[in-house]
Amino acid sequence: MEAFSLMAPELLLAGQTIFVVLMSLLVKGDKQADVMRWIAIAMLITFALTGFVLGRPEGTSFNGLLIVDDFSHYAKLIIGLTAALALVFSRSYFKTEGLDRFEFSVLMIYAVLGMSIMVSANNLLALYLGLEMQALALYIMAAFNRDSLRASEAGLKYFVLGALSSGLLLYGMSLIYGFTGHLDFAGIAAVIEADGLNVGIIGGMVFMMCGLAFKISAAPFHMWTPDVYEGAPTPVTGFFASVPKFAAMALIARLLFGPLEGVFDQWQQIVVSLALVSMFVGAIGALSQRNIKRLMAYSSIANMGYALVPLAAGTVLGLKGMLIFMTIYVITSIGVFSAILQMRIRNGMVEQITDLSGLSQTNRGMALVLTVFFFSLAGIPFFLGFFGKWYAFGPALQADLWWLVVAALVASVIGAFYYLRVIKTMWFEEPSQEFVDAPRSLRWITTSSALILTLLILLPFVTIPAQGLLDSAAAALF
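What you see is a predicted model; the values in this text were computed from it and never measured.

Re the overall build of the chain
Consideration 1: The secondary structure content of the chain amounts to 21 helices and four strands.
Consideration 2: Principal-axis analysis of the C-alpha atoms places the extent of the chain at approximately 65 × 60 × 45 Å.
Consideration 3: A buried classification covers 60% of the 478 residues belonging to the chain.
Consideration 4: Per element, the accessible surface of the chain, about 18200 Å² overall, is 66% carbon and sulfur.
Consideration 5: Charged side chains of the chain number 26 positive and 28 negative; the gap between the two group centres comes to 10 Å.

Remarks on helix α6 (residues 124–142)
Consideration 1: With 19 residues, α6 should reach 27 Å at 1.5 Å per residue; the first-to-last C-alpha distance of 27 Å fits that figure.
Consideration 2: The N-terminus of α6 is capped by Asn123, whose side-chain oxygen sits 2.8 Å from the backbone nitrogen of Leu125.

Considering the environment of Asn123
Consideration 1: With respect to the secondary-structure elements, Asn123 resides in the loop between α5 (103–119) and α6.
Consideration 2: Along the primary structure Asn123 and Ala186 are separated by 63 residues, whereas in three dimensions their C-alpha atoms are 8.5 Å apart.
Consideration 3: With near-sequence residues (within four places) excluded, Asn123 lies in contact with Leu65, Leu183, Asp184 and Phe185.

What about the pattern of salt bridges?
Consideration 1: Counted according to the given criterion, the structure contains 15 salt bridges.
Consideration 2: Between Lys424 and Glu429 there is a salt bridge; the shortest N-O distance is 3.0 Å.
Consideration 3: Relative accessible area serves as the criterion here: at 25%, Glu429 is assigned to the partly exposed category.
Consideration 4: Each of Arg150, Glu153, Lys157, Asp227, Glu230 and Arg294 takes part in one network of salt bridges that share partners.

Side note on the packing of aromatic side chains
Consideration 1: In total, this model carries 21 aromatic pairs according to the counting rule given.
Consideration 2: Through a chain of ring-to-ring contacts, the aromatic side chains of Tyr139, Tyr158, Phe159, Phe214, Trp224 and Phe240 assemble into a single cluster.

Looking at the nonpolar core
Consideration 1: Residues Phe239 and Leu311 are the most contacted members of the largest nonpolar core, which totals 167 residues.
Consideration 2: Setting aside residues up to four positions removed in sequence, Leu311 forms contacts with Met249, Ile252, Ala253, Phe257, Trp267, Val271, Gly318, Leu319 and Met322.

Notes on the side chain of Ser72
Consideration 1: Looking at where Ser72 falls in the secondary structure, it is placed in helix α4 (residues 70–97).
Consideration 2: Those residues in contact with Ser72 that lie beyond four places of it in its chain are Ile67, Val119, Ser120 and Arg254.

Considering unusual backbone geometry
Consideration 1: The omega angle of the peptide bond from Ala219 to Pro220 is 5°, so this bond is cis rather than trans.
Consideration 2: You can see Pro220 is positioned in the loop between α9 (199–215) and α10 (225–231).
Consideration 3: Even without being a glycine, Asn63 presents a positive backbone phi close to 60°.
Consideration 4: With respect to the helices and strands, the residue Asn63 is situated in the loop between β1 (59–61) and β2 (66–68).
Consideration 5: The phi torsion at Asp400 lies on the positive side, around 65°, for a residue other than glycine.
Consideration 6: Looking at the secondary structure, you find Asp400 in the loop between α18 (384–398) and α19 (402–428).
Consideration 7: Overall, the relative accessible area of 59% leaves Asp400 in the exposed class.

Topic: the packing of helix α17 (residues 364–378) against α19
Consideration 1: Direction vectors running N to C along α17 and α19 enclose 170°, while the axes themselves pass 9 Å from each other. Taken together, the axis directions place α17 and α19 in an arrangement best described as roughly antiparallel. Along the contact surface, α17 presents Arg364, Ala367, Leu368, Leu370, Thr371, Phe374, Phe375, Leu377 and Ala378, while α19 presents Ala416, Tyr419, Leu420, Val422, Ile423, Met426 and Trp427.
Consideration 2: Along the lines of polarity and charge, the residues of the contact of α17 with α19 split into 14 nonpolar, one polar and one charged.

Comments concerning the environment of Tyr128
Consideration 1: Note on placement: Tyr128 falls in helix α6.
Consideration 2: Look past the residues within four positions of Tyr128 in its chain and what remains in contact with it is Ser166, Leu169, Leu170 and Met173.

Description of the packing of helix α14 (residues 292–313) against α18
Consideration 1: Two elements in contact, α14 and α18, have axes separated by 7 Å at closest approach and are oriented at 35°. Where α14 crosses over α18, the two elements pack in a sense that is left-handed. Where α14 abuts α18, its residues Tyr306, Val309, Pro310 and Ala313 lie against Lys389, Ala392, Phe393, Pro395 and Ala396.
Consideration 2: Counted by class, the contact of α14 with α18 contains eight nonpolar, no polar and one charged residues.

Some thoughts on the environment of Phe62
Consideration 1: Structurally, Phe62 is set in the loop between β1 and β2.
Consideration 2: The partly exposed category is assigned to Phe62, whose relative accessible area is 41%.
Consideration 3: Separated by 39 residues in the primary sequence, Phe62 and Arg101 have C-alpha atoms spaced 35 Å apart.

Definitions and limits used
Positions within a chain are numbered from 1, following the residues in the order the chain's sequence is written. Since the coordinates come from a predicted model, pLDDT governs what is reported: local features require at least 70, and pairs of side-chain atoms require 80 or more to be given and counted, while whole-chain, interface and lining totals use all residues. Hydrogen atoms and water are omitted, and side-chain values are computed over all heavy atoms in the structure. Secondary structure elements follow DSSP: runs of H or I of four or more residues count as helices, runs of E of two or more count as strands, with numbering from the N terminus. A simple rule labels every residue: compare its accessible area, found with a 1.4 Å probe on the protein chains alone, to the largest value its type can have, and call it buried under 20%, exposed over 50%, or partly exposed in between. Per-residue and other accessible areas were derived by the Shrake-Rupley procedure at a 1.4 Å probe size, with only the shown protein chains allowed to occlude residues. The sign given to each residue is positive for Lys and Arg and negative for Asp and Glu; His and the chain ends receive no count. Charged groups are reduced to one reference atom each: NZ for lysine, CZ for arginine, CG for aspartic acid, CD for glutamic acid. In this scheme, a helix's expected span is set at 1.5 Å multiplied by one less than its residue total. Polar contacts here mean pairs of N or O atoms no more than 3.5 Å apart (in protein, one a potential hydrogen donor and the other a potential acceptor; neighbouring residues in sequence count only if both atoms are side-chain atoms). Between two residues, a contact is recorded if the distance between any of their heavy atoms is within 4.5 Å. The rule for a salt bridge is simple: a side-chain nitrogen of Lys or Arg has to be within 4 Å of a carboxyl oxygen of Asp or Glu. Whether two aromatic rings pair depends on their centres lying within 6.5 Å, for rings of Phe, Tyr and Trp, where Trp uses its six-membered ring; planes under 30 degrees apart make the pair stacked, over 60 edge-to-face, and the rest tilted. Nonpolar core, defined: a set of buried Ala, Val, Leu, Ile, Met, Phe, Trp, Tyr and Cys residues in which side-chain atoms within 4.5 Å join the residues together. In this analysis, axes come from line fits to C-alpha atoms, helices being fitted only over the stretch in contact, and the angle between any two N-to-C directions falls in the range 0 to 180 degrees. Working rule for angles: under 35 degrees goes down as roughly parallel, over 145 as roughly antiparallel, 65 to 115 as roughly perpendicular, anything else as oblique. Residue classes follow a fixed rule: Ala, Val, Leu, Ile, Met, Phe, Trp, Tyr, Cys and Pro count as nonpolar, while Asp, Glu, Lys and Arg count as charged, and any other residue, Gly among them, counts as polar. Here a crossing is called left-handed whenever its near helix is offset anticlockwise from the far helix by less than a right angle, and right-handed whenever the offset is clockwise.

Okay, structure coming up:
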């Protein structure tokens, strides 16, 4: 019963997934996908809030395979709510494209269930189980438009390169198990503390970090990202850019500050290298992009580099900075892609940056919210993205990684160029397209995200409790 209460969100989600599949046999016709979608949205919101409703219980379950703490509660809150939003803004796209199938909602739930296991993993086997559960669902979601050559290519590339990353991860896990004799995180940490370092543990750590770097599309393991972002259906791309990245970063943090805490000097070098390469590959690669989805792909690569900067500090403030940065990034990504979904003309979706020419004259409201999103991504004061980078870079400075912060600032300046180029296209060029009116749900999500990014800093009664939640989430790993 104790294990049941601790893992109630996951067990509830798994049980209700079976319920959705059975319900699909009873609900037929055009309303099938809609009914299943709203049931799934309600399930995901319930999943996100269950831990807080139960009083944020703590402990381990299933013989120590999974751990529940404030860190996992916070991660599940962000994952569940963002996945629910992704389902909401997928509705109009799939209906217009003739892709509205209830299976998409089932895949989303299974992906979230896998991510939940990832952020609660307390054992290498649980880590791999959660990672593969979400990955298998994501492969199918990328190729969900099976009649599209681009979507099929995106799904195939994601699958093949994902299999390669899983191989790297499994090899690293086998090395760590072989040299420590343990799969559970506490056992691994105890052996490292007692016996010190050896080549096998370092090699296993390197392979595992390479496999996980693929999941967050950190360079040089980023090669799948632009093609998959461009080829996958736009709602799927919006989901890929936000929730899986947050879950994978949470998993990396749990791994680094848990079983591998005793080898900080070694993994710090890996994290710093991944951060440096990702920031500049993402920033420079985005300069030549003309497709807005590919631009967002390279932007995500750079932002994962920024998110790794506070982790390199190896402190509780660094972990908190990563959580703040990733939360703001998730809000911004959802807003940007809900805006991209509104870029529809009578002949179909618009994805080229040049098609946004003169948007301020044809749809001033959409131009304003997109400007807010890109200013936030660029870190322009005093949008919320600026404070995300402030909290991310501050702990690195305190840890005497000033040169890494300088590199991050240089990469941010380069990144500001391609964000400002999009803003310039919207506000200072002549109109080239007239967009079809977007569904009300999309306009609501886009506007809400923009308001959060601008108003949250003015609402201390929201941000002060959130700071306390973030403090307890970060402290849980220490």
